[in-house]
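For reference, the chains in residue letters:
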Amino acid sequence: MLRSCLLGLLMALGASQGAHARNEGVTNDEIRLGASAVLSGPLGPQTAQYGEGSRLMFDAVNAQGGVHGRMIRYTTLDDAFDTAKAVENTRQLLETDKVFMIYNSTGTAQTAAILPLIKEHRTLLFGPVTGASAFRETLNPLVFHVRAGYASEATKIVSQLRQQGISRVAVFYQDDGLGKTLLAELKKASDEEKLAFAAEIKVDPKQPDFAAAAQATEKAQPQAVIVATAGTTFTSFVKAVQGTAARPAYYGFSVASMDVIQRELKDKARGIILAQIMPSLRNTTVPVVAEYLALLRAKSPNAQPSASQFEGFVHARLLVEGLRRTGRNLTTESFTKTMEDAGEISFGRFNVKYSPRRHNGSTYVELAIVDAEGSLRY
């Protein structure tokens, strides 16, 4: 139901987009960006990392004189995963702060909720942190995706389970926009792989009963559980199941933060398998990985690399590349044309490609396992 509603909204918005956009937030000496983000609550620590990664890139660019002489100013407002607040924040960013574009906003339901404002103000939405297929199946010319979609992640996870001969699989999800979206993608993948789920277990986001969810999981006796959520909801569920007699393997999506998993589960995180939509931070032969690590260590020699922070950095790196290629005459139209005409933009193993008919960005997905050191091994 959520997916069909989103699709209907997106089709209506995409069909009605005009060719001319309002161009604000670009002055002689700055480019203003803004986002409503989940900065508090269970997803807050992870989302904050996206922002830190973006600012690492923007600060480095600003220190070198900006983009064509303009400094990048990035404002984030907390919506605490509330869709109404996300709309309120986005309206403030567009109407009061006068940002040039909405950059790296977070949440599936939140993204759907702000699309009418994107249309109304004819501004760009670049790199929203959601992989929902509903945003990708119908082109919205004002939206540019960076990360691979959840459908690609779900297919990779379910296909891996099938290839390993694991036939008894449960799905755990939080009963919210993200959880329902991930569940829908998993169901589609399970139909394609002919791997029916033994149980679908959910929790109420407002009053989550992890003990009950763990008992339901134990009763289902799965060989593996796909944890279709993020933040501390992910780790709280795993902790609860680990307190029962059940011993399934755990699979998760890229939105599950390794930083949160390491902090909350410590050595008990070993063996968790996560889909990843960015190259491994261990692979320093990938140019964008080397660039991120160099800037991070230059800023703070003792800083620990973060997968979520790195994702934010890559989003920012791609945006900066687009701004540079667009040149000094920066408008919504000129930026859009630049990105659509650029062909493949490559940062090593991470590549994106846009066209006038497709704004979906990357298709990169790999599976990685948490090793004994608490790191992801691809």
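Up top is the structure these notes are about.
Definitions and limits used
- Residues numbered from 1 in each chain as written.
- Predicted model: local features only at pLDDT ≥ 70, side-chain atom pairs only at ≥ 80, totals over all residues.
- Heavy atoms only, no water.
- Helix = DSSP H or I, 4+ residues; strand = E, 2+ residues; numbered from the N terminus.
- Buried < 20%, exposed > 50% of the residue type's maximum accessible area, 1.4 Å probe, protein only.
- Contact = heavy atoms within 4.5 Å.
- Pairing = 2+ DSSP bridges.
- Axes fitted to C-alpha atoms, helices over the stretch in contact; angles between N-to-C directions.
- Salt bridge = Lys/Arg side-chain N within 4 Å of Asp/Glu carboxyl O.
- Right-handed = clockwise from strand over helix to strand, strands pointing away.
- Expected span 1.5 Å × (residues − 1).
- Polar contact = N/O pair within 3.5 Å; in protein donor to acceptor, adjacent residues only side chain to side chain.
- Parallel < 35°, antiparallel > 145°, perpendicular 65-115°, else oblique.
- Left-handed = near helix turned anticlockwise from the far one by under 90°.
- Core = buried A, V, L, I, M, F, W, Y, C linked by side-chain atoms within 4.5 Å.
- Phe/Tyr/Trp six-rings, centres within 6.5 Å; stacked < 30°, edge-to-face > 60°.

Q: Explain the side chain of Arg 317 residue by residue, including any values.
A: Mapped onto the fold, Arg 317 is located in helix H11 (residues 307-326). Look at Arg 317 and you get buried, because its relative accessible area is 14%. Residues in contact with Arg 317, not counting those within four places in the same chain, are Met 57, Val 288, Glu 291, Arg 324 and Phe 347.

Q: Just give me the short version of the environment of Ile 31, but keep the residues and values in it.
A: Along the chain, Ile 31 falls in strand E1 (residues 30-37). Assessed through its relative accessible area of 1%, Ile 31 is described here as buried. Sequence-wise, Ile 31 and Ser 257 are 226 residues apart; in three dimensions their C-alpha atoms are separated by 30 Å. Beyond its immediate sequence surroundings of up to four residues, Ile 31 is in contact with Gly 25, Arg 70, Met 71, Ile 72, Arg 73, Phe 100, Leu 323 and Leu 330.

Q: An account of the sheet that holds strand E8 (residues 224-228) is requested, with residue identities and associated values reported.
A: Here 7 strands make up an open sheet; going across it, the order is E7-E6-E8-E9-E10-E14-E15 and the pairing mixed. A strand with exactly one partner marks an edge of an open sheet, and here the two such strands are strand E7 (199-203) and strand E15 (376-377). Summarising the sheet, E8 and strand E9 (residues 249-252) pair through 4 bridges and their orientation is parallel. Note that in E9 the partner of Val 227 across the bridge is Gly 252. Its contacts with the sheet put helix H8 (residues 231-242) on strand E6 (169-174), E7, E8, E9 and strand E10 (273-276), and the angle it makes with E9 is roughly 170 degrees.

Q: Before we move on, can you summarise the sheet that holds strand E11 (residues 344-346) with the specific residues and values?
A: Pairing is antiparallel across the open sheet formed by 3 strands, whose spatial order is E11-E12-E13. The sheet is open, and its two borders are formed by E11 and strand E13 (358-361), each paired with just one other strand. Pairwise comparison of adjacent strand axes, ignoring direction, gives a mean angle of 15 degrees for this sheet. Bridging between strand E12 (residues 351-355) and E13 involves 2 bridges; their strand directions are antiparallel.

Q: Before we move on, can you summarise the pattern of salt bridges with the specific residues and values?
A: As enumerated under the stated definition, the model contains 20 salt bridges in all. Measuring nitrogen to oxygen at the nearest pair gives 3.7 Å for the salt bridge that ties Lys 180 to Asp 175. Using a relative accessible area of 28% as the deciding quantity, one classes Asp 175 as partly exposed. Here the salt bridges share partners, and the residues they tie into one network are Arg 282, Asp 371, Glu 373 and Arg 377.

Q: Any details on the pairing of E10? Residues and values, ideally.
A: Taking every second residue as pointing to the same face, both faces of E10 are buried, with Ile 273 and Ala 275 on one and Leu 274 and Gln 276 on the other. Bridging between E9 and E10 involves 2 bridges; their strand directions are parallel. Bridging from a neighbouring strand, Gly 252 pairs with Leu 274 of E10. Once the chain exits E9 it traverses helix H9 (residues 258-265) before rejoining the sheet at E10, and the crossover so formed is right-handed. Sheet topology places E10 next to strand E14 (residues 366-370); 4 bridges connect them, and they run antiparallel. By the bridge assignment, Leu 274 is partnered in E14 with Ala 368.

Q: For the pairing of E14, give the residues involved together with the corresponding values.
A: Among the 5 residues of E14, 4 are classified as buried, and the element is accordingly described as predominantly covered. Counting the residues between successive antiparallel strands, the hairpin from E14 to E15 contains 5 residues, one of them, Gly 374, with a positive phi of roughly 80 degrees.

Q: Any chance you could break down H11 for me, citing the residues and the numbers?
A: Along its 20 residues, H11 runs 29 Å from first to last C-alpha, staying within 8% of the 28 Å computed at 1.5 Å per residue. Most of H11 sits out of view: 17 of its 20 residues are buried. Two or three places before Ser 308, at the opening of H11, Ser 306 has a side-chain oxygen 3.3 Å from that residue's backbone nitrogen.

Q: Give me the packing of helix H5 (residues 150-163) against helix H6 (residues 177-193): which residues, what numbers.
A: Relative to each other, H5 and H6 sit at 50 degrees, their axes nearing to 8 Å. Here H5 is positioned oblique relative to H6, judged by the angle of their axes. For the crossing formed where H5 meets H6, the hand is right-handed. Residues Tyr 150, Ala 151, Ala 154, Thr 155, Val 158, Ser 159 and Arg 162 of H5 form the contact with H6, whose own contacting residues are Leu 178, Thr 181, Leu 182, Glu 185, Leu 186, Ala 189, Ser 190, Glu 192 and Glu 193.

Q: Residues and numbers for the side chain of Gln 309, please.
A: For Gln 309, the position within the fold is in helix H11. For Gln 309, a relative accessible area of 6% corresponds to the buried category. Within polar-contact distance, the side chain of Gln 309 engages the side chain of Gln 49 at 3.4 Å. Discounting residues that sit within four places of it in the chain, Gln 309 has contacts with Gln 49, Glu 52, Gly 53, Tyr 292 and Leu 296.

Q: Which residues make up the nonpolar core, and what values go with them?
A: In terms of nonpolar packing, the biggest core is built from 88 residues, with Phe 126, Ile 226 and Phe 253 touching the most fellow members. The element contributing the most residues to this core is H11, with 8 residues. The residues touching Ile 226, leaving out its near neighbours within four places in the chain, are Ile 157, Val 158, Leu 161, Val 169, Ala 170, Val 171, Phe 172, Leu 186, Phe 197, Tyr 251 and Phe 253. Of all hydrophobic cores here, the second largest spans 28 residues; its members include Ala 170, Ile 201, Met 258 and Ile 272.

Q: Quick rundown of the packing of aromatic side chains? Include the residues and the values.
A: Overall, the coordinates contain 12 aromatic pairs when judged by the stated rule. Ring centres of Phe 144 and Tyr 354 lie 5.1 Å apart, and the angle between their planes is 85 degrees; on these two criteria the pair is classed as edge-to-face. Residue Phe 144 is located in strand E5 (residues 143-144), and its partner Tyr 354 is located in strand E12; the two are separated by 210 residues in the primary sequence. Each member of the pair, Phe 144 as well as Tyr 354, carries the same accessibility label: buried. For the pair Tyr 292 and Phe 310, a centre-to-centre distance of 5.3 Å together with 50 degrees between the ring planes defines the contact as tilted. Placement of the pair is Tyr 292 in helix H10 (residues 287-299) and Phe 310 in helix H11, with a sequence separation of 18 residues. Neither Tyr 292 nor Phe 310 differs from the other in exposure class; each is buried.

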